[in-house]
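# Survey of secondary and tertiary structure
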Amino acid sequence: MKKMIFSVILFICILSFSYSEDLPILVKLPEVKISSDGSVDFSLETSYKTDRLRIYFGIMEPDKKYPAPRYHTLLIQEDAKKKNLHTFNFKIDRFESSRRDAGLFKEKGYGIIYYQIVIPAYGGEDCIMGRFGFQKKAGGYERIPVIIEGPFVDQITETSAIISYEIDNDKNHQSSLNIDGKIYLSKGIKNEIKVEGLKPGKSYTYQIKINDTPIDYTGKFTTDRGKPEFKFAVFCDSRGGYGYGMSMTGTSYGAVYNLMIRAAEKDISFAVFPGDMIDGYSDNVKKIHEEYATWKKAVEPIGGSIPVYEGVGNHEMVIKKIIKNKKEYEFNKDSPYSTEDIFASEFVNPLNGPDPKPDSPLFKETVYSFKYGSCTFIMLNNCYNMGDFETGDYHLQGYLQDIQLDWLENELKKAQESERIFVFLHLPPFPNGGHLHDSMYYSGKSDKFNTMREKFTRMLSEYNVDIVFAGHEHNYNRMLVDKDVDPEIKNPYWQVITGGAGAPFYVQDKKAPWKNNVKVFSTQVHYVIVHVTQGKIKLTVYSDQDQVIDEFVIE
């Protein structure tokens, strides 16, 4: 009886918090109107009725090493009636008082106000973060355009980099990027500016301005030296839920924010995140975009100076549901709303992946390679699920088609002159904690998968890959892939699963045939730092408290 009562209470709790799992939080971005007297009318429309909405307003404190908003003004919905339309009002002079003007708004006459819309939700909180700008002139206060996402620096090479940012929703914005005295002009909301003609191993400061507004945005990055003397970080699996504090809007915001800053303090040149950034698995594209936006807000403090290379995980899926014989199936949504289309619209990754075919997914910005410090890095996508249900011609997650394997082999051949080779994908070839039934293994019961996996894992050996990084399993484990795993493995290499960026943990599955090759296993939230030097790789794994979980060297 007690068990039944508990189940009923839990079910009621879930119902009270679950508005609609496939609806976005907002119908559109909040509307902000600023009157000449400094009054701010802030209105928004939620896609579901709610009475729990609250909003925090704050500023970006100056001289912060890793910029992130600090909130100090809270507005709570006054009536208890559930509704879709929500309005709030406050005055900018709240931020200009002698006790609160940390942003120097009164002295400068302009500034940016940050907001965080919070709605309690089952397993965490639904949250939308944003900002808007204002300026005080002779006629009073007025709203001015600001960057609402970014700036981010991506794809740093010895001689180039890409700076990307998004401005308030007004297509007439003219912005300019100033770097090393050279001006790059851009027009519109979303901007990706490639800066070329840089020098290897040099630090550059950039400045972005919008129209004739007084606000500027500055960042700093260092180009690739072209030598094997650098560090990079690897994270994976931050999709939301009950795995870590500050889980909101489909991502473990608190874990990503904390781990990114801790990794940046280790003097990394870039980071790699091979999938499961968000909850995903939604057929609503707006909801997917909201979740990506929250994840990127957690990355912003380091993203303006340190590139992050992203990969697709199974939770990035944008799905279409098909019911056949009373059974529901989930497939990748068709282009232009496929997982890969939406992913490419959110991130700025290299465009050198394989050309798609009619029976393959798009590979744009989800399968790619890049070089850094005379080493080669390769990102794969083994998380698509597509095809024709009627004919049975579809691909389970984890499967690498020949088109991608052929491209990989060609990239590995070109990489033989590199100092080191690193491969990344989301689903591991050798699962060890909770995913023996899928990943690239499917409990060893699929001849199709066994053949594909052997081809892939032997290829990594043949072409002297040093480490293959994966996630999917929410833990850390380091495993040696050698003849004990497959007699055809001539050149041993390491598989490192680093699925500890906040998602719920998985313990080790001792039924794995290769369990004796697992050298270290931990369920802790963590990140990996890889230090590449001439003739040596040192890998150190840190917890979210900077406890050293593992450390080893490859000569």
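Refer to the structure presented above.
Here goes a summary of the coordinates provided. (Residues numbered from 1 in each chain as written. Predicted model: local features only at pLDDT ≥ 70, side-chain atom pairs only at ≥ 80, totals over all residues. Heavy atoms only, no water.)

On to the overall build of the protein, then. When helices and strands are counted, the protein shows seven helices and 34 strands. The C-alpha atoms of the protein give 24 Å as radius of gyration, which agrees with the globular expectation for 555 residues (24 Å, within 12%). Projected onto its principal axes, the C-alpha positions of the protein cover 80 × 70 × 45 Å. Counting the 555 residues in the protein, one finds 57% classified as buried. Within the protein, counting contacts between residues at least 6 apart in sequence, those at least 24 apart form 66% of the total. In the form shown here, the protein has an accessible surface area of approximately 24300 Å², with 49% of it arising from carbon and sulfur atoms. A distance of 3 Å separates the average location of the 68 positive side-chain charges in the protein from that of its 76 negative side-chain charges. (Helix = DSSP H or I, 4+ residues; strand = E, 2+ residues; numbered from the N terminus. Rg over C-alpha atoms; globule rule 2.2 N^0.38 Å. Buried < 20%, exposed > 50% of the residue type's maximum accessible area, 1.4 Å probe, protein only. Contact = heavy atoms within 4.5 Å. Areas by Shrake-Rupley, 256 points an atom, 1.4 Å probe, with all protein chains shown as cover. Lys, Arg positive; Asp, Glu negative; His and termini not counted. Charge placed at Lys NZ, Arg CZ, Asp CG, Glu CD.)

This part takes up the nonpolar core. Judged by nonpolar contacts, the single largest core of 78 residues is most densely connected at Phe235, Met260, Trp295, Leu380, Leu408 and Phe456. Sequence-distant contacts of Met260, defined by excluding residues within four places in its chain, comprise Phe235, Phe273, Trp295, Val299, Ile302 and Val308. (Core = buried A, V, L, I, M, F, W, Y, C linked by side-chain atoms within 4.5 Å.)

One open sheet holds the four strands; their spatial order is β12-β11-β14-β15, and the pairing between them is antiparallel. Single-partner strands in this sheet number two, and they are β12 (182–187) and β15 (216–222). Taken over all neighbouring pairs, the strand axes of this sheet differ in orientation by 20 degrees on average, direction set aside. Here strand β11 (residues 174–179) pairs with β12 via six bridges, running antiparallel. The partner of Ser175 across the bridge, within β12, is Ser186. (Pairing = 2+ DSSP bridges. Axes fitted to C-alpha atoms, helices over the stretch in contact; angles between N-to-C directions.)

Of the two faces of strand β1 (residues 31–34), the one lined by Val32 and Ile34 is fully buried and the one lined by Glu31 and Lys33 carries no buried residue. As judged from the four bridges shared by β1 and strand β2 (residues 39–50), these two strands associate in the antiparallel manner. Across the sheet, Lys33 pairs through a bridge with Asp41, a residue of β2. Taking the residues between adjacent antiparallel strands as the criterion, β1 and β2 are bridged by four residues, where Gly38 takes a positive phi near 90 degrees.

We now examine the packing of aromatic side chains. Enumeration over the complete set of coordinates arrives at 44 aromatic pairs. Relative to Phe377, the ring of Phe232 has its centre 5.1 Å away and its plane inclined at 90 degrees; by these criteria the two rings are edge-to-face. One end of the pair, Phe232, is in strand β16 (residues 230–234); the other, Phe377, is in strand β24 (residues 375–379), and 145 residues separate them in sequence. Take Phe377: its relative accessible area is 0%, and that puts it in the buried class. Plain terms: the ring middles of Tyr527 and Tyr542 are 5.4 Å apart, the flat faces sit at 20 degrees to each other, and that makes the pair stacked. (Phe/Tyr/Trp six-rings, centres within 6.5 Å; stacked < 30°, edge-to-face > 60°.)

Where β2 and strand β5 (residues 83–91) come together, eight bridges link them in antiparallel fashion. Residue pairing for β5: Phe42 is matched across the bridge by Phe88.

Okay, helix α7 (residues 447–462) next. For α7, spanning 16 residues, the distance from its first C-alpha to its last is 22 Å, which sits close to the expected 22 Å at 1.5 Å a residue. Those residues of α7 not exposed but buried are Phe449, Asn450, Met452, Arg453, Phe456, Thr457, Met459, Leu460 and Ser461. Summarising the contacts, the buried residues of α7 are in contact with α6 (402–414), β27 (421–424), β28 (467–470) and β30 (493–498). Just beyond α7, the residue with positive phi is Asn464, at close to 60 degrees. (Expected span 1.5 Å × (residues − 1).)

With that out of the way, let us pick up the packing of helix α4 (residues 285–303) against helix α5 (residues 339–346). The contact between α4 and α5 brings their axes to 11 Å, and the two run at 40 degrees. Two packed elements cross with a definite hand, and for α4 against α5 that hand is right-handed. In this structure, α4 contributes Val285, Ile288, His289, Tyr292 and Lys296 to the contact, and α5 contributes Ile342, Phe343, Ser345 and Glu346. Taken together, the residues that form the contact of α4 with α5 break down as five nonpolar, two polar and two charged. (Left-handed = near helix turned anticlockwise from the far one by under 90°. Nonpolar A, V, L, I, M, F, W, Y, C, P; charged D, E, K, R; others polar.)

With that settled, the discussion passes to the environment of Arg70. Mapped onto the elements, Arg70 comes out in strand β4 (residues 69–76). Considered as a pair, Arg70 and Thr533 are 463 residues apart in the sequence and their alpha carbons are 39 Å apart. If sequence neighbours within four positions are ignored, Arg70 has contacts with Gly58, Ile59 and Glu61. For Arg70, the side chain forms a polar contact with the side chain of Glu61, separated by 2.9 Å. (Polar contact = N/O pair within 3.5 Å; in protein donor to acceptor, adjacent residues only side chain to side chain.)

Turning our attention to the sheet that holds strand β13 (residues 190–195). With antiparallel pairing, three strands are arranged side by side in an open sheet as β9-β10-β13. Edge positions in the sheet fall to β9 (147–154) and β13, since each has one partner strand and no second. Going across the sheet, the axis of each strand differs from the next one's by a mean of 15 degrees, ignoring polarity.

Between α6 and α7, the shortest axis-to-axis distance is 11 Å and the interhelical angle comes to 10 degrees. Accordingly, the angle class assigned to the pair α6 and α7 is roughly parallel. Between α6 and α7, the contacting residues are Asp402, Leu405, Asp406, Leu408, Glu409 and Leu412 on the first element and Met452, Lys455, Phe456 and Met459 on the second. Broken down by class, the residue content of the contact of α6 with α7 amounts to six nonpolar, no polar and four charged. (Parallel < 35°, antiparallel > 145°, perpendicular 65-115°, else oblique.)

Here we come to α4. The sharpest bend along α4 reaches about 35 degrees and sits at Lys297, with the proline Pro301 one to four residues further on. Between the side-chain oxygen of the N-cap and the backbone nitrogen of Lys286 there are 3.0 Å, and the N-cap of α4 in question is Asn284. (Bend = angle between axes of the 7 residues up to and from the residue.)

Attention shifts here to the state of the cysteines. Tallied over the entire structure, the rule returns zero disulfides. You can see Cys236 has no disulfide; the closest cysteine sulfur is in Cys383, sitting 8.8 Å from it. (Disulfide = S-S within 2.5 Å.)

Residue placement: Glu96 occurs in the loop between β5 and α2 (105–108). Lys136 is the oppositely charged side chain nearest to the buried, salt-bridge-free Glu96, at an N-O distance of 5.2 Å. When neighbours within four sequence positions are excluded, Glu96 is seen to be in contact with Asp101, Phe105, Lys106, Phe134 and Tyr141. (Salt bridge = Lys/Arg side-chain N within 4 Å of Asp/Glu carboxyl O.)

A few words on the pattern of salt bridges. Counted according to the given criterion, the structure contains 22 salt bridges. As a salt-bridge pair, Asp550 and Arg478 come within 2.7 Å of each other at their nearest N and O atoms. Here Arg478 lies in strand β29 (residues 476–481) and Asp550 lies in strand β34 (residues 548–554), a separation of 72 residues in the sequence. Considered together, Asp550 and Arg478 belong to a single accessibility category, that of buried residues. A single network of salt bridges, built from pairs that share partners, joins Glu61, Lys64 and Arg70.

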